Structures are given as structure tokens and as C-alpha cells.
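Letter by letter, the chains look like this.
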Amino acid sequence: MSDSSSGDVLGVLRARGFLQDVTDEDELRERFAAGPVTFYVGFDPTAPSLHAGNLVGMMAMSWMQRMGHRVIAIAGGATGRIGDPSGRDAERQLLDEPTIERHLDAIRVQLSHVLDLEDDGLLLDNHDWLGGIGYLEFLRDVGKHFSVNTMVARESVKRRLEHREQGISYTEFSYQLLQAYDFLHLHRTHGCVLQCGGSDQWGNIVAGIDLIHRVEGAQTYGLTWPLLTTADGAKFGKSAGNAIWLDATMTSAYAYYQYWINTADADVPRFLRLFTHLDLDEIDRLEAVLTEDPAARVAHRELAREATRIIHGDDGVRTAEQATEALFGEGSFEGLDDATLDEILAEAPSVDVPRTRLDEGLGLLELLTAVGASRSNSEARRLVDQGAVRLDNVVEPDAGRTLTDEDLAGRRTLVLRVGRRRHFLARFR
């Protein structure tokens with residue numbers, strides 16, 4: 001039986017590692033069992049792309065949606081203009097309007113890779129309702145329900161207040177009120193009864209629950225998942241400097257695949273549960289294979305394949321696997337574009353050659369010498385005669401070979417390989 005058919009949402013989230021804290025767990029379990037629950041998660045446009053740290057929440061949302069519940073994803077067009085102090089020791093840099101709009105567009109695309117936001121879900125921008133509220137109106141209708149004592153007691157605020165030089169701005173201090181109002185607005189307009197987020201959002205989530213109870217007298221709930229760390233304690237996220245971006249122009253399908261396939265053995269089972277839709281029984285099987293023969297890297301490859309498919313699709317998986325096999329195995333470079341070749345062979349010696357040289361008749365031996373694969377044409381000839389030279393990973397036996405435009409196969413880049421691991425690039429411009 002698959003996870004999504006079990007019916008126990010909290011059980012599935014806990015088994016896969018998504019559940020850290022939840023308010024009124026028994027009541028929430030009953031709400032899930034009674035019928036579709038509308039829940040929401042917010043994403044602020046503080047960077048041009050979401051990253052693997054955000055993906056934890058996105059995958060949790062996808063499981064809840066798969067189990068029949070209604071997702072609302074909030075692109076924080078308003079809150080992103082303020083900046084959430086949670087989990088930060090310094091104030092966020094405020095972004096200009098065009099930058100925020102570009103970030104919002106990217107977030108919408110990336111969320112759609114994981115969630116159905118057309119038929120079974122909503123994607124909203126909180127600037128649509130927060131942008132039109134007047135300052136006095138907000139203080140009267142929302143601010144009066146918050147205790148400054150409680151807000152100051154929040155760990156993220158206390159930590160900032162202890163650093164007198166940095167402190168915390170009134171702008172960031174007010175963030176909690178805006179997020180709480182988001183929950184109230186979604187409760188009123190869409191029947192939303194559950195807010196989810198990372199563990200650093202617990203205080204903001206509870207503030208929204210309290211506001212709804214005070215204003216509407218209604219019972220709502222909160223749920224958080226743990227912030228992602230590796231087995232050695234390293235934190236995922238752009239602020240940690242090791243972000244794995246979901247935008248292909250920032251982290252390519254190949255680089256994304258390579259990240260997951262190089263996961264430490266200790267992290268692989270946990271990441272299979274978090275970042276794939278594989279059933280738990282299959283993950284248990286892969287974990288057993290990993291324990292028996294870690295060098296075979298069967299579980300690593302499955303993690304890389306399934307995680308990459310979710311964000312980059314089947315084409316992204318094919319490109320990443322082909323590039324990996326070409327670089328580390330006996331696969332062909334044929335079909336890989338110039339950008340991919342530049343990326344996977346970024347450290348390879350290279351030479352720029354006028355494309356007109358192909359019309360004039362460029363000899364293989366001359367090119368091997370020009371790119372640094374040999375010190376002379378005679379040495380290049382010996383390498384070819386020994387079967388050590390490959391063009392796009394295909395052995396070239398003819399030392400007298402003259403290269404033509406057809407050898408580029410529509411690209412500007414030709415890959416030469418000497419021996420097992422020495423790669424060289426010739427770029428024809």
C-alpha cells in the first residue's frame with residue numbers, strides 16, 4: 001500500500017521525517033480524517049530562486065495534497081518587502097520592486113514543479129490583501145490583539161535585542177503581525193484551518209492561531225517540519241552559503257543530480273524519505289542494499305534520479321545521467337549542449353579555434369597539440385596509435401583524421417579524451 005492511500009496524514013509526515021511540532025495533534029488528526037483540510041505555507045521572494053531547504057516544505061505539502069487535502073501556497077509579495085527576522089542574526093536587505101517581482105515569478109514556476117496549483121490548489125500573493133490596508137486600520141484591527149511582551153519574548157527577537165549594535169528594526173519586529181493576518185485572511189476567505197512551515201516559523205504560526213481565536217473564536221492549527229541539516233550538522237539554505245537552487249540557470253540539472261548522488265551514506269535513507277515520492281517499503285529496500293553494499297551506490301543513484309525528476313523532469317534526468325556516464329564512464333557526449341559541456345568540464349584544459357579552420361582542414365594531431373593533450377604531433381600520433389584518443393568519447397583510430405564541421409554535431413564544442421580521465425575542450429568560434 002502506498003503512503004498516500006494510508007489516510008493518516010500526520011503518520012505519513014512523521015514517518016517521512018516532516019513532522020517536528022504540531023498544535024492539538026489529536027484534534028488535527030480528527031480534522032484530517034473528517035474530510036479535506038485547507039492548509040497554507042508561505043514563501044517570501046528574498047532570492048531569485050527557492051532552494052533545497054524550501055523543498056522540505058514543498059514535499060510535505062505535496063504529500064498532504066496527494067492525500068486529498070487542499071493546498072494554498074503564498075508568494076509573499078508583501079511580507080517579502082519587510083523581511084522575516086526568524087532564524088537570522090542580521091536584518092535582511094530590502095529589495096526593490098522590480099527585483100521582488102522577478103523573484104515572485106520564479107517562485108511560482110518552481111512551486112508548480114512539485115504542487116498542483118491549477119486544479120487542486122491555489123497560488124496567492126499576500127500583497128493583494130496586505131497592500132491595501134491603511135496603517136491606522138491595521139493597528140486598530142490587528143495590532144491591538146498582540147502583546148509586545150509576548151513578541152519580545154520570542155527567541156529570534158531576544159537574540160537580536162541582545163546584540164545592541166545590530167538590534168532589530170521596527171519593520172522586522174512587525175513581521176509577525178503581517179504573517180498572522182495572512183492566516184486570518186485565508187481562514188476568512190478560503191476556510192484555511194492549518195498553517196505549516198519550518199521550525200523557525202513556530203512563533204509566527206502560533207501568533208496567527210491566537211489572532212484567529214481572538215477575532216473569530218475559531219480553532220485553527222499549526223504544524224512545522226525540521227530545518228534541513230546534513231549528517232555532519234551543516235544547514236541547507238542560501239544564508240549558509242551552500243544553497244542548492246531549484247532554478248536550472250542557478251543549479252543545472254546535472255549539478256543538482258550530482259549533489260544528490262554525492263550525498264553522504266548516512267544521509268541517503270533520510271533524503272530518500274524527504275525528497276522523493278518513493279514508497280517507504282521501497283526506501284527500506286534501498287536502505288538494506290546500501291547497508292549490504294554501500295560501494296554499489298544503488299540508493300544514491302535512485303535518490304539522485306527521483307529528486308532530479310521532481311524539479312527538472314525526465315529530460316533533466318536524462319541529461320544529468322548522460323553527462324555523468326560520459327564524464328565518469330563510457331557514455332557518449334553526443335546530444336549534450338555547449339552549456340552542459342562547459343559545466344561538466346569546467347576544469348578541463350581548453351583552446352579556442354576559429355571555426356574557419358574546419359573549412360581549411362584541421363588535423364586531429366594538430367588539435368591535440370594545440371589543446372595541450374600532447375607536446376608534439378609525433379606524441380599525438382603515438383597516443384592515437386595506442387587507442388588512447390577519443391572524440392566525444394568514441395575511440396579515434398586514424399592519426400591522419402581531418403576534422404570537419406560535422407564532428408561538432410551542431411555544437412561549437414568538441415570533447416577530446418586521452419586515456420581514462422584526461423579531458424580537453426576545443427571551442428570553435
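Everything that follows concerns the structure shown earlier in this document.
The structure reproduced in this document is the subject of the present report. (Residues numbered from 1 in each chain as written. Predicted model: local features only at pLDDT ≥ 70, side-chain atom pairs only at ≥ 80, totals over all residues. Heavy atoms only, no water.)

**Observations concerning the pairing of strand β12 (residues 413-418)**
Looking along a regular strand, one sees side chains alternate from face to face of the sheet. Where we set the bar: Burial classification: accessible surface area is computed with a 1.4 Å probe over protein chains only, and a residue below 20% of its type maximum counts as buried, one above 50% as exposed, and the rest as partly exposed. Numbering of helices and strands starts at the N terminus; helices are DSSP runs of H or I of at least 4 residues and strands are runs of E of at least 2. Strand pairing requires that DSSP identify at least two bridges connecting the strands.
Within β12, 6 of the 6 residues are buried, which leaves the element mostly enclosed by the surrounding structure. Across the two faces of β12 the burial is the same, with T413, V415 and R417 and L414, L416 and V418 all buried. Pairing analysis gives 6 bridges linking β12 to strand β13 (residues 422-428), with the strands arranged antiparallel. Note that in β13 the partner of V418 across the bridge is R422. The antiparallel pairing of β12 with β13 creates a hairpin that spans 3 residues between the two strands, and G419 there sits at a positive phi of about 75°.

**Quick word on the packing of helix α14 (residues 280-292) against helix α15 (residues 298-328)**
Packed helix pairs are specified by the crossing angle of their axes together with the interaxial distance, meaning the distance between the axes. Going by this rule: Here an axis means a line fitted to C-alpha atoms, over the contact stretch when the element is a helix, while the angle between two N-to-C directions is reported on a 0 to 180 degree scale. Angle categories are assigned with fixed cut-offs, so that under 35 degrees is roughly parallel, over 145 is roughly antiparallel, 65 to 115 is roughly perpendicular, and the rest are oblique. Only heavy atoms matter for contacts: two residues are in contact if any of them lie within 4.5 Å across the pair. Three classes are used: nonpolar for Ala, Val, Leu, Ile, Met, Phe, Trp, Tyr, Cys and Pro, charged for Asp, Glu, Lys and Arg, and polar for all others, with Gly counted as polar.
Where α14 meets α15, the axes come as close as 8 Å, and the angle between the chain directions of the two elements is 140°. Taken together, the axis directions place α14 and α15 in an arrangement best described as oblique. For the pair α14 and α15, contact is made by L286, V289 and L290 and by V298, A299, H300 and E302, respectively. Residue composition of the contact of α14 with α15, by class: 5 nonpolar, 1 polar and 1 charged.

**Some words on the sheet that holds strand β3 (residues 70-75)**
Taking strand neighbours across the sheet as the criterion, the 6 strands line up as β1-β6-β5-β2-β3-β4 in an open arrangement whose pairing is mixed. This sheet does not close on itself; its edge strands, each paired only once, are β1 (21-22) and β4 (121-125). Contacting β1, β5 (194-198) and β6 (221-225), helix α2 (residues 25-34) crosses the sheet at an angle of about 100° to β6.

**A short note on the nonpolar core**
We apply this condition: We define a nonpolar core as any set of buried Ala, Val, Leu, Ile, Met, Phe, Trp, Tyr and Cys residues linked to one another through side-chain atoms lying within 4.5 Å.
L194 and L223 are the most contacted members of the largest nonpolar core, which totals 60 residues. Here the element with the most residues in this core is helix α3 (residues 52-66); it accounts for 9 residues. Not counting chain neighbours up to four residues away, the residues in contact with L223 comprise L10, L13, L19, D21, V22, L28, L194, Q195, C196, G197 and I205. Within the second largest apolar cluster, 30 residues are counted, among which are I72, L130, I168 and I209.

**Here we look at the pattern of salt bridges**
Side-chain pairs of opposite charge can arise where the charged atoms are in close proximity. The test is simple: A pair is scored as a salt bridge if a Lys or Arg side-chain nitrogen falls within 4 Å of a carboxyl oxygen belonging to Asp or Glu.
The tally for this structure, following the rule as stated, stands at 29 salt bridges. Put simply, E25 and R14 hold a salt bridge, and the shortest N to O gap is 3.1 Å. Taken together, the positions of E25 in helix α2 and R14 in helix α1 (residues 9-16) put the pair 11 residues apart, joining distant regions of the chain. Here E25 falls in the partly exposed class, since its relative accessible area comes to 23%. For the salt bridge of R401 with D407, the shortest nitrogen-to-oxygen distance reads 2.3 Å. Since its relative accessible area comes to 22%, R401 is described here as partly exposed. Look at D407 and you get buried, because its relative accessible area is 18%.

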